[in-house]
Amino acid sequence: MSAFSEALTFHKAGDLPAAEAAYRLALAEGESDRARGNLGLVLRGLGRADEAEAELRRACELAPHRATHFYNLGNLYWHTGRAAEAGDAYDAAFGLDPHEPGLRLNMGNAAILAGREAEGWALYDTRPERARSQANRLSFPEWRGEPLAGKRLFVWGEQGFGDEIFAARYFSGTGAASVTVASRPELADLIRQLGHDVRPMSDSMTIERHDYWALPLSLPRWATASTAPYFKAEGAAGGGVGVMWRGNAKPDPGRSLPEAQAARLLALPGAVSLQPEDSGARDFQETAAIIAGLDRVVTIDTSVAHLAGALGKPTLVLLQAEALDWRWRESSPGRSHWYPSIELRRQPRRGAWAPLIDDVIRELGG
């Protein structure tokens, strides 16, 4: 077995240190853009971004005709907080091969973040969630911007709770005579307040014929948005600060606070935990009622951030230093584009939660 083949085996098995050693051995035997590019991916996986960038750039120099190297370089830039450079690399990859897997979606993410929404939402429609949605099995067509006056639209849920809270602002802006929303139970009561027909989403649900179907995050391409706040809630006016510090670890464990830093926030005067296991809230409407009685919310990037913003509650969203996400696009420095009541706070450097929490505590007078 060649050193390159051995490196690929280690790489695919997830043994990155062994893959690094084998790719370096392969390069000692002879220069190779594929070995350089793959070594760059391994180094990125090992958290060595500067070394990864050097290898990926070298791969692009060796094979300026290969879109994959420019795409991977763009991904490195994106995940190290360099949006403009990521966009340039994606554009280069697109010029070489517009069908590079995943490229259009990542270009869409970058375009929405940059404010080029028409371009971005069209590219974002290439996301895999749309292609594999069960809504594709429906007997009526997907909505692609046709006039909906007098028509019925069926919306099938997708992605995270926060994504659906974000997208709910577009339901009434579709122009449809009626909108039916298939919602997960945790969101149903919240979405009902918008005046639409909300039904529990399940694999076995019966769906009568509508004129069109759509997924929530395809609506921004065609519909107009309600401005935040577009949800409301009533709760006991006790004041204080609501703290949400831990989210689902599966998409990104790094966005949750360490317990010691969460404890510092929870020690603020009047602070209450918004974690459902602490608050007792059974769904998002009940969490909304708790938030309604607070003075403000401090939260990581999770569904509660979208909920607080959609309620118009003054909120600080705590973000990782290099995390780029169109969901937290800024209208001005430190201010959310999508939710006027949300201020955005970033780590000063990767993994540095403590200095950020220091600043938040000083700001809130703790």
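All values reported here derive from a predicted model rather than from experimental measurement.

Basis of the calculations
- Residues numbered from 1 in each chain as written.
- Predicted model: local features only at pLDDT ≥ 70, side-chain atom pairs only at ≥ 80, totals over all residues.
- Heavy atoms only, no water.
- Helix = DSSP H or I, 4+ residues; strand = E, 2+ residues; numbered from the N terminus.
- Contact = heavy atoms within 4.5 Å.
- Pairing = 2+ DSSP bridges.
- Axes fitted to C-alpha atoms, helices over the stretch in contact; angles between N-to-C directions.
- 1 Å grid on protein atoms, 1.4 Å probe; cavity = no way out; pocket = protein on both sides within 12 Å on 5 of 7 lines; lining within 4 Å.
- Points joined across faces, edges and corners; volume = space filled by probe spheres on them.
- Core = buried A, V, L, I, M, F, W, Y, C linked by side-chain atoms within 4.5 Å.
- Buried < 20%, exposed > 50% of the residue type's maximum accessible area, 1.4 Å probe, protein only.
- Parallel < 35°, antiparallel > 145°, perpendicular 65-115°, else oblique.
- Left-handed = near helix turned anticlockwise from the far one by under 90°.
- Nonpolar A, V, L, I, M, F, W, Y, C, P; charged D, E, K, R; others polar.
- Right-handed = clockwise from strand over helix to strand, strands pointing away.
- Phe/Tyr/Trp six-rings, centres within 6.5 Å; stacked < 30°, edge-to-face > 60°.
- Lys NZ or Arg CZ within 6 Å of the ring centre and 35° of its normal.

A.B. asks: In this structure, what is going on with the side chain of E20? I would like to understand it.
C.D. replies: One can find E20 in helix 2 (residues 16-29). In contact with E20, other than residues within four places in its own chain, are L39, V42, L43, L46 and R48.

A.B. asks: Sorry if this is basic, but what is going on with the sheet that holds strand 3 (residues 197-200) here?
C.D. replies: Strand pairing in a sheet relies on backbone hydrogen bonds, with the paired strands running either antiparallel or parallel. Pairing is parallel across the open sheet formed by four strands, whose spatial order is 3-2-1-4. Each having just a single partner strand, strand 3 and strand 4 (212-214) make up the two edges of the open sheet. Sheet twist, expressed as the mean angle between neighbouring strand axes with direction ignored, is 25 degrees. Sheet topology places strand 1 (residues 152-156) next to strand 2 (residues 178-183); five bridges connect them, and they run parallel. Pairing of R152 across the sheet is with S178, part of strand 2. Set on the sheet, helix 11 (residues 185-192) makes contact with strand 2 and strand 3; between it and strand 2 the angle comes to about 155 degrees.

A.B. asks: Explanation requested: the layout of surface pockets in the structure shown.
C.D. replies: Taking a probe equal in size to a water molecule and rolling it over the atoms shows the remaining empty space. Empty space within the second largest pocket amounts to approximately 150 Å³. E129, R132, S133, Q134, W156, G157, E158, Q159, E164, R184 and M201 are the residues that line the second largest pocket.

A.B. asks: What exactly am I supposed to notice about the nonpolar core here?
C.D. replies: Where a protein is soluble and globular, its nonpolar side chains tend to be buried together. Membership of the largest hydrophobic core comes to 83 residues, with the highest contact counts inside it found for L153, I165, F166, W326 and Y339. Sorting elements by how many residues they give to this core places helix 5 (residues 67-79) first, with seven residues. When near neighbours in sequence (up to four residues on either side) are disregarded, I165 contacts L187, L190, Y230, F231, F284, S303, H306, L307 and A310.

A.B. asks: Would you mind showing me how to read unusual backbone geometry here?
C.D. replies: Following A228, the chain continues to P229 via a peptide bond in cis, the omega torsion being 5 degrees. Tracing the backbone through its elements, the reader meets P229 in the loop between strand 4 and strand 5 (241-244). Although it is not a glycine, Q159 adopts a positive phi angle of roughly 55 degrees. Relative to the elements of secondary structure, Q159 occurs in the loop between strand 1 and helix 10 (161-167).

A.B. asks: Would you take a moment to explain the packing of helix 3 (residues 33-45) against helix 4 (residues 49-62) for this structure?
C.D. replies: Each pair of packed helices can be described by the angle between their axes along with the distance between the axes. Contact geometry for helix 3 and helix 4: axes closest at 8 Å, N-to-C directions at 160 degrees. Our classification of the angle between helix 3 and helix 4 gives roughly antiparallel. Crossing handedness for the pair helix 3 and helix 4: left-handed. Residue-level inspection shows D33, R36, G37, L39, G40, L43 and R44 of helix 3 in contact with helix 4, the latter providing E51, A52, E55, L56, R58, A59 and L62. Counted by class, the contact of helix 3 with helix 4 contains six nonpolar, two polar and six charged residues.

A.B. asks: Teacher, can you tell me more about the side chain of D125 here?
C.D. replies: Here D125 lies in the loop between helix 8 (117-124) and helix 9 (128-131). Overall, the relative accessible area of 3% leaves D125 in the buried class. Residues contacting D125, with those up to four places away along its chain left out, are R130, R144, S218 and R221.

A.B. asks: Please clarify how the pairing of strand 2 should be interpreted in this entry.
C.D. replies: Burial analysis of strand 2 places five of its six residues in the buried class, the great majority of the element. On the question of chirality, the crossover connecting strand 1 to the parallel strand 2 by way of helix 10 is right-handed. Pairing geometry for strand 2 and strand 3, over four bridges, is parallel. In the sheet register, T180 faces strand 3, and the bridge partner there is D197. In this view, the connection linking strand 2 to its parallel neighbour strand 3 by way of helix 11 has right-handed handedness.

A.B. asks: Explain the packing of aromatic side chains to me, please; I cannot follow it from the model alone.
C.D. replies: Aromatic rings in a pair are described by how distant their centres are and how their planes are angled relative to each other. The final tally for this structure, using the stated rule, is 15 aromatic pairs. Judged by centre distance (6.5 Å) and plane angle (25 degrees), the rings of W121 and F166 are stacked. In this pair, W121 is assigned in helix 8 and F166 in helix 10, connecting sequence segments 45 residues apart. Just as W121 is buried, F166 falls in that class too. On the numbers, 6.2 Å between centres and 35 degrees between planes, the contact of F154 with W156 is tilted. There is no split in this pair, since F154 and W156 are both buried. An aromatic cluster is built from W121, Y124, F166, Y170, W326 and W338, whose rings are joined through pairwise contacts. Directly above the aromatic system of F161 lies the positively charged group of R184, at a separation of 4.2 Å from the ring centroid. Directly above the aromatic system of W245 lies the positively charged group of R246, at a separation of 4.5 Å from the ring centroid.

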